[in-house]
Amino acid sequence: MMAEGFNPQEIEAFHRDGFIILRDVFSQDEIKQLREAILAGPSSNEPGRPCRNAAFTWRVPQAFLEHDILLDEKLRPLLLKPRLVQGARQLLGTGPVHFGMSKVCIEDQRNWVALHRDNLDSLTDGAAADWRDDYALIRVGIYLQEHPRGAGHLWVTPGSHLGAGKSGAPVPIQAAPGDVAIWSLRLEHGVRLFSGATWRNKRADRLSTLLFRVARLFMPRRLRSWPEPRVFIHFIWGRPDAHLRRLIHHVPIVPLGWVKHVWNGSDRLPEEPAVSEAAEKGVTMLTRAERDAILADPGNASV
C-alpha cells in the first residue's frame, strides 16, 4: 500500500507558494529518539563526531554532524519514512535523489538569519539557469522542538521561488515537532525571533540581523540561550537531472562550509548499507564514485 502524501490541492499550493508542510510524519516517540540520537552523537562512526564548524562560529555556536545524515545507522531508519519519501516523489515527479548535501544542527543560542535563497543563481536575474520552469530541487526541514511565540521559526516569502525579483511579506512556517517542512531551493527564507518581524525591506532585514548578532555578544546567557538546545535536520533532494548535477558540480566553489564537512566526513564512512536501504525505500543515494564523476565533468557546470 502506497504511503499517504499530498492531495492535488496541496501540490498545486506548493508550486504556487514554494513551500508546504507534511503534518505528523514523526510520532512524539520518534522525535524523542531523533533528539536523543543527535545529542548523543553518531553511533560507532568516529569520523562523524559532532564538530564545530568555524564558518558558523561567529553567527551562532552550532554543532554539526560532519557526515551525510543517511550514513548514520541511528538516523537513517527514522528519516526514510514512507510518507516523507512519497511526498517528495509527488513534488519532484520522480523518486528523490539524495547526494549528501545535509546537516544536523544543535543550536545553543538564539539566532536571526536574514532572508536569502539557497539556489546557485539566487542573486541573478530571471534569465539564469536556476529560474527555468524545470527546476526541481527541494530542501527538507525537520524541527525537533516547539518554538514558543514564533521564536526561531523558519520564515518564508510565498511565491518568491517564481522569479529572482519576486518578493513580499514573509510569513512563519508553523511546523510542530513531528511535521516536515519542504521548500524550493529558490524560495526566500530566514529565521525570526519574534512574530512582528514581517518587514519587506531587505536592507532593514540584514541590518536587524547584524545588530542582533552584535547585541548577542553582550547579552546575559539566560537571554541569548535557548532553554534547551534547538535541534534541526536539513537535507536537499532533487530529480536526477542537469540542475542537480550543476549544483553538485558547483558545491566546492560556493560558500557552503558545512557541505565540505559533510563530504569530507562521508568519505571515511561505509555507504553500501545506506545505499541499499535507501533504494528499498524509494530514494536514490549517489555513491562517492558517482558524485566524483559529476564533479570531474566540466559539462555539468551549466544546464
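Along each chain, residue indices are assigned from 1 in the same order as the chain's sequence is written. Local features in this predicted model are restricted to residues of pLDDT 70 or higher, and side-chain atom pairs are both shown and tallied only at a pLDDT of 80 or more, whereas totals for entire chains, interfaces and linings draw on every residue. Remark: hydrogens and water are excluded; side-chain values derive from all non-hydrogen atoms of the structure.

Draft legend 1. The nonpolar core, seen in detail. Counting residues in hydrophobic clusters, the biggest one holds 41 residues, and the most contacted among them are Leu 79, Ile 142, Val 180, Ile 182, Ile 233 and Trp 237. Note on conventions: DSSP H or I runs of at least 4 residues are helices, E runs of at least 2 residues are strands, and numbering of each starts at the N terminus. The element best represented in this core is helix H4 (residues 82-92), accounting for 5 residues. For this analysis, residues touch if any pair of their heavy atoms sits within 4.5 Å. Sequence-distant contacts of Ile 142, that is, excluding residues within four places in its chain, are made with Phe 26, Leu 79, Asp 179, Val 180, Val 231, Phe 232, Ile 233 and Phe 235. The next biggest cluster of nonpolar side chains, apart from the first, holds 13 residues, and it includes Tyr 135, Ile 236, Leu 286 and Ile 294. Within this scheme, the nonpolar core is defined by two criteria: the residues are buried Ala, Val, Leu, Ile, Met, Phe, Trp, Tyr or Cys, and they are joined through side-chain atoms within 4.5 Å. Per-residue accessibility, obtained with a 1.4 Å probe over protein chains only, is compared with the maximum for each type, and a residue is labelled buried under 20%, exposed over 50%, and partly exposed between these values.

Draft legend 2. Here's a closer look at the side chain of Arg 117. Considering the arrangement of structural elements, one finds Arg 117 in the loop between strand E5 (113-116) and strand E6 (137-143). Note that His is not counted, nor are the chain ends; the positive residues are Lys and Arg, and the negative ones are Asp and Glu. The working definition used for a salt bridge is a side-chain nitrogen of Lys or Arg within 4 Å of a carboxyl oxygen of Asp or Glu. Put simply, Arg 117 is tucked away with no salt bridge, and the nearest opposite charge, on Glu 188, sits 4.1 Å away. Engagement of the side chain of Arg 117 in a polar contact is seen with the backbone oxygen of Ser 160, the distance being 2.8 Å. Polar side-chain contacts of Arg 117 include one of 3.4 Å to the backbone oxygen of Gly 163. Polar contacts, as counted here, are pairs of nitrogen or oxygen atoms within 3.5 Å of one another; within protein the pair requires one atom able to donate a hydrogen and one able to accept it, and residues that are adjacent in sequence qualify only if both atoms are side-chain atoms.

Draft legend 3. Local environment of the pattern of salt bridges. Within the structure shown, the criterion is met by 11 salt bridges. Between Glu 271 and Arg 288 there is a salt bridge; the shortest N-O distance is 3.8 Å. Residue Glu 271 is found in the loop between helix H8 (257-266) and helix H9 (272-280), and its partner Arg 288 is found in helix H10 (residues 288-296); the two are separated by 17 residues along the sequence. According to the relative accessible area criterion, Arg 288 is partly exposed, its value standing at 22%. Overlapping salt bridges, with partners in common, bring together Asp 121, Asp 130 and Arg 246 in one network.

Draft legend 4. Up close: the confidence of the model for the chain. Per-residue confidence from the predictor is given as pLDDT, running between 0 and 100. Averaged over every residue, the pLDDT of the chain is 76; residues scoring 70 or more account for 67%. Contacts for the low-pLDDT stretch residues 43-64, under 50 throughout, to residues beyond four places or in other chains number 68 contacts. Low pLDDT (under 50) marks residues 254-258, which in the prediction has 10 contacts with non-local residues, meaning those over four places away or in another chain.

Draft legend 5. Structural detail: the pairing of E6. The buried count for E6 comes to 7 of 7 residues, which makes it a mostly enclosed element. Burial along E6 is two-sided: Leu 137, Arg 139, Gly 141 and Tyr 143 facing one way and Ile 138, Val 140 and Ile 142 facing the other are all buried. Any two strands are treated as partners once DSSP identifies two or more bridges connecting them. Of the pairings in the sheet, the one linking E6 to strand E9 (residues 180-184) comprises 5 bridges and is antiparallel in character. Within the sheet, the bridge partner assigned to Ile 142 lies in E9 and is Val 180.

Draft legend 6. Focus on H9. When we look at burial in H9, the residues that qualify are Ala 274, Val 275 and Ala 278. Here the buried residues of H9 occupy an arc of 100° about the axis, which is enough to place them on one side. Residue Gly 282 follows H9 closely and has a positive phi angle near 95°. An arc is given here, and it is the one of the directions from the helix axis to the C-beta atoms.

Draft legend 7. Quick look at the side chain of Asn 300. With respect to the helices and strands, Asn 300 occurs in the segment after H10. On the accessibility criterion, Asn 300 (10% relative accessible area) is buried. From its side chain, Asn 300 meets the backbone oxygen of Ile 294 in a polar contact 3.2 Å long. Dropping the residues within four chain positions of it, Asn 300 is found in contact with Arg 245, Arg 246, His 249, Ala 293 and Ile 294.

Draft legend 8. View of the environment of Ile 31. Among the secondary structure elements, Ile 31 is positioned in helix H2 (residues 28-40). Taking the relative accessible area as the measure of exposure, Ile 31 reaches 5% and is therefore buried.

Draft legend 9. Quick look at the packing of helix H7 (residues 242-250) against H10. The convention used is that axes are lines fitted to C-alpha atoms, helices contributing only their stretch in contact, and that angles between N-to-C directions extend from 0 to 180 degrees. The geometry of H7 relative to H10 is characterised by a closest axis approach of 8 Å and an angle of 80° between their N-to-C directions. Taken together, the axes of H7 and H10 lie roughly perpendicular to each other. Residue-level contacts link Arg 245, Ile 248 and His 249 of H7 to Arg 291, Ile 294 and Leu 295 of H10. Residues were grouped as follows: Ala, Val, Leu, Ile, Met, Phe, Trp, Tyr, Cys and Pro as nonpolar; Asp, Glu, Lys and Arg as charged; and all remaining residues, including Gly, as polar. Tallied by class, the residues present in the contact of H7 with H10 amount to 3 nonpolar, 1 polar and 2 charged. In this scheme, roughly parallel covers angles under 35 degrees and roughly antiparallel covers those over 145, while 65 to 115 is roughly perpendicular and the rest are oblique.

Draft legend 10. View of the environment of His 249. Among the structural elements, His 249 can be located in helix H7. A relative accessible area of 17% places His 249 in the buried class. As a C-alpha pair, His 249 and Ala 296 span 47 residues in sequence and 7.8 Å in three-dimensional space. For His 249, the contacting residues outside a window of four places in its chain are Ile 294, Leu 295, Asp 297, Pro 298, Asn 300 and Ala 301. Within the local environment of His 249, its side chain forms a polar contact with the backbone oxygen of Ile 294, the two atoms lying 3.2 Å apart.

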